[in-house]
Amino acid sequence: MKWAITLLKLGFVILLVVAISLQISVREIAKVHLDQLVHTRSIALNDFLTSSEQRAAAEGLGDTQSSDRSDPKNANFAHVVKSTGDLLDTEILNIKSLSCIDVVERCAEFTNESLPSTIDIPESEQKTLALAAPMLKGGYRNQYMRFVALVGNALINRQNILLPSIKWHEKGGHNSVPFEMLFDVEEWNRHQSLPKLVNFNESIHHQWNSKSTVFMGSCNNVIKYFHKPHRTSILNGLKGVTQPFALGGAISGQPGNLWDFYRLRDKGSLTFDTTEASLTLHELEEWVLSAMKPSPLVVKIVNSIRPQNQPYIALHPRIEPEMMEHAHCKEKKVRSMPKILEQVISYEGFENYTSMFVAVAMPQMTVPHHVHPRYPFSKEHKENLETLISMFDEGIDRPKNSHIHVWTAGESSLEERKVNSCMIQLLASIINMELALEADVFVGTSVSTWSNSVWKIRHWRGMPNYEFTHNGIKQVEGLPPPFVC
């Protein structure tokens, strides 16, 4: 009997040891997988943002002795920051006035609200148009195209535009950014040929909720707008509203009437007909872009990043994973960063430039595999990412001992300036665009609305544009053709 009990005890001890070993193994395996995931997400950003001490040293803040200047990574990061704006001032580093609006959160208390009937207001005062959607849709330039369509409609109908209805969308959630945070309203309203941006006036905009920042009675549809199984048009239930008038707000995930309005005129088949004139889309855009100046705060951020008194090339490669997986215009895409880079540095006419800005979303380039399950693990993407990291770290050596310093802005530069994360992608796109517009030379791609917009604005400013293609660099003469992808 004692022998049996001893044997049972021994067996229990063996099982316990095996269980503990297995648990440790599982933990180790899990740790390896976690480390790989973290490494995948941070591989590129770590070359720019390696530690708080390093950032402080690079910016000239705090104790510079705490950062080892002999470390190549420290030296490279300091070189990037110094050459793209010298020391950052404290006003830029502590941005408190840039904030977002979560429309769904604001709508939560107004889901039972009904739309008031139209009241008797003199027709001469019923001149305001509002965006019915909770925010503009798409990437920054697609949002801009919809905004132009809204302006065109207001122009045709001799209406002003309700300023609090114009909100720009930060991808990936409900966050939106008021127009006045990003653009100079006073400058816009100086342009007499364009509709005025007006503030909320309770006596003439009584069908608008200034707290939820959407039309009264539309909060249920706004909440559904962000949920795929229940996507609905915001315009449902807003038929006949005039205080203010409503436009935009198609079913989320569909192009919508503002997009269609813009695209039909972009193809040249329709114009903007007012009582004074018949405008083409390009003529209207020239008006809009002359009035749509960045807000003073955005200008300060741009000035803190841009190299002073140094000519530079701006390049928009558009090789982020979501574009590479996008189904349209596959045959036009130049998918290799090394190939794009080779075209730029070998192009006759660019040989005297020693500085190059690359407009690229580095956080998207390091996106984890569960967001884009295929492309980030491809050999092509790995090569593109490694090329970018090498460029930003080491620059590019040309034949005959000439060297090009390569820098970027985007999300990483805004993180350094403590910009609210709720708007960082949107603001990064605007900052990148301003840097591209101010470059001595811009090289873009025809598969991007962003590049197409930069070409247009630079053409109106009389500045040179180029396009990289499968067959090399070519100059973009005149206005670029309508965007078709």
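Per-chain numbering applies: the sequence of each chain, read as written, is numbered from 1 onward. With pLDDT at 70 or above as the cut-off, local features in this predicted model cover only qualifying residues; side-chain atom pairs require 80 or more to be listed or tallied, and sums for whole chains, interfaces and linings still use all residues. Only hydrogens and water are removed before side-chain values are computed, so all heavy atoms of the structure are retained for them.

Chemist: Which parts of the structure should I look at to understand the state of the cysteines?
Modeler: The bond known as a disulfide is covalent and runs between the sulfur atoms of two cysteines. Any two cysteine sulfur atoms lying within 2.5 Å of each other are counted as a disulfide. Taken as a whole and assessed by the stated rule, the structure comprises two disulfides. Bridging Cys100 to Cys422, the disulfide has an S-S length of 2.0 Å. Between Cys100 and Cys422, the S-S torsion sits near 90 degrees, and that sign places the bridge as right-handed. Residue Cys100 is found in the loop between α5 (90-93) and β1 (101-102), and its partner Cys422 is found in the loop between α18 (410-416) and α19 (424-438); the two are separated by 322 residues along the sequence. An identical accessibility class is assigned to Cys100 and Cys422; each is buried. Note on cysteine connectivity: Cys107 is disulfide-linked to Cys219, with sulfurs 2.2 Å apart. Because the torsion about its S-S bond is -75 degrees, the bridge between Cys107 and Cys219 counts as left-handed. In this pair, Cys107 sits in helix α6 (residues 103-107) while Cys219 sits in helix α10 (residues 219-225), placing the two residues 112 residues apart along the sequence. We call a residue buried when its accessible area falls under 20% of the maximum for its residue type, exposed when it is over 50%, and partly exposed in between, using a 1.4 Å probe and counting protein chains only. Overall, the relative accessible area of 0% leaves Cys107 in the buried class. Think of it this way: any DSSP run of H or I at least four residues long counts as a helix, any run of E at least two long counts as a strand, and we number them from the N terminus.

Chemist: I keep staring at the side chain of Glu434 and nothing clicks. Help me out?
Modeler: Tracing the sequence through the fold places Glu434 in helix α19. Although Glu434 is buried, it makes no salt bridge; Arg461 carries the closest opposite charge, 5.2 Å away. When charges are counted, Lys and Arg are positive and Asp and Glu negative, with His and the chain ends excluded. The term salt bridge refers to a pairing of a side-chain nitrogen on Lys or Arg with a carboxyl oxygen on Asp or Glu at a separation within 4 Å.

Chemist: I keep staring at the packing of helix α11 (residues 256-266) against helix α12 (residues 281-291) and nothing clicks. Help me out?
Modeler: Each packed pair of helices is defined by two parameters, the angle between the axes and the distance between the axes. Where α11 contacts α12, the axes come no closer than 9 Å and their chain directions differ by 115 degrees. Across the interface between the two elements, Tyr262, Arg265 and Asp266 from α11 touch Leu281, His282 and Glu285 from α12. In this classification, the charged set is Asp, Glu, Lys and Arg, the nonpolar set is Ala, Val, Leu, Ile, Met, Phe, Trp, Tyr, Cys and Pro, and all remaining amino acids, among them Gly, are polar. Among the residues forming the contact of α11 with α12, the class breakdown is two nonpolar, one polar and three charged. Only the contacting stretch of a helix is used when fitting its axis, a line to C-alpha atoms as for every element, and angles between N-to-C directions run 0 to 180 degrees. Between two residues, a contact is recorded if the distance between any of their heavy atoms is within 4.5 Å.

Chemist: Is there a simple way to think about the environment of Leu129 in this case?
Modeler: Here Leu129 shows up in strand β2 (residues 128-131). Sequence separation between Leu129 and Ala154 is 25 residues; the distance between their C-alpha atoms is 6.4 Å. With sequence-adjacent residues up to four places away left out, Leu129 is seen in contact with Leu150, Asn153, Ala154, Gln159, Asn160, Ile161, Leu162, Phe245, Ala246 and Leu247.

Chemist: Which parts of the structure should I look at to understand the packing of helix α7 (residues 140-156) against α19?
Modeler: Relative to each other, α7 and α19 sit at 85 degrees, their axes nearing to 10 Å. Looking at the two axes, α7 sits roughly perpendicular to α19. For the pair α7 and α19, contact is made by Tyr140, Arg141 and Gln143 and by Leu426, Ser429, Ile430 and Met433, respectively. Among the residues forming the contact of α7 with α19, the class breakdown is four nonpolar, two polar and one charged. An angle below 35 degrees is read as roughly parallel, one above 145 as roughly antiparallel, one from 65 to 115 as roughly perpendicular, and any other as oblique.

Chemist: Would you explain the sheet that holds strand β9 (residues 245-247) in this entry?
Modeler: Either a parallel or an antiparallel arrangement is found when strands of a sheet pair, and the pairing is made through backbone hydrogen bonds. Being paired, for any two strands, means DSSP has found at least two bridges between them. Ordered in space as β6-β3-β2-β9, the four strands form an open sheet in which the pairing is parallel. Among the strands making up the open sheet, the edge pair consists of β6 (197-198) and β9. Sheet contacts for α7: β2, β3 (160-162) and β9; angle to β2, the most-contacted strand, approximately 160 degrees.

Chemist: What should I look at first to understand the sheet that holds strand β4 (residues 167-169) in this one?
Modeler: An order of β1-β5-β4 is seen for the three strands of this open sheet, with the pairing classed as antiparallel. Across the chains shown, the open sheet's two edge strands, defined by having one partner strand only, are β1 and β4. Alignment of β1 against strand β5 (residues 175-178), held across two bridges, turns out to be antiparallel. Directly across from Ile101, in β5, lies its bridge partner Ser176.

Chemist: What is the right way to read the pairing of β5 from this model?
Modeler: Successive residues of a regular strand alternate their side chains across the two faces of the sheet. Pairing of β4 with β5, which is carried by three bridges, proceeds in the antiparallel orientation. Each residue of the ladder has a partner; that of Lys167, found in β5, is Pro178. Between β4 and β5, which pair antiparallel and follow one another directly, the connecting turn spans five residues, one of which, Gly172, has a positive phi of 90 degrees.

Chemist: Looking at this structure, I do not really get α7. What am I missing?
Modeler: Since there are 3.6 residues in each turn of an α-helix, residues three or four apart along the chain are aligned in direction. Multiply 1.5 Å by the residue count of a helix minus one, and that product is the helix's expected span. With 17 residues, α7 should cover 24 Å at 1.5 Å per step; its first-to-last C-alpha distance of 25 Å lies within 8% of that length. Burial analysis of α7 places 15 of its 17 residues in the buried class, which makes it a mostly covered element. Positioned one or two residues after α7, Arg158 has a phi angle of 55 degrees, which is positive.

Chemist: Teacher, can you tell me more about the nonpolar core here?
Modeler: In plain words, nonpolar cores are sets of buried Ala, Val, Leu, Ile, Met, Phe, Trp, Tyr and Cys residues tied together by side-chain atoms within 4.5 Å. Residues Phe147, Trp168, Leu182, Val288 and Ile431 are the most contacted members of the largest nonpolar core, which totals 71 residues. When sequence neighbours within four positions are dropped, the list of residues in contact with Leu182 reads Trp168, Val177, Lys293, Pro294, Ser295, Val298, Met423, Leu426, Leu427 and Ile430. Listed in part, the 29 residues of the second largest apolar core include Met337, Val344, Phe350 and Tyr353.

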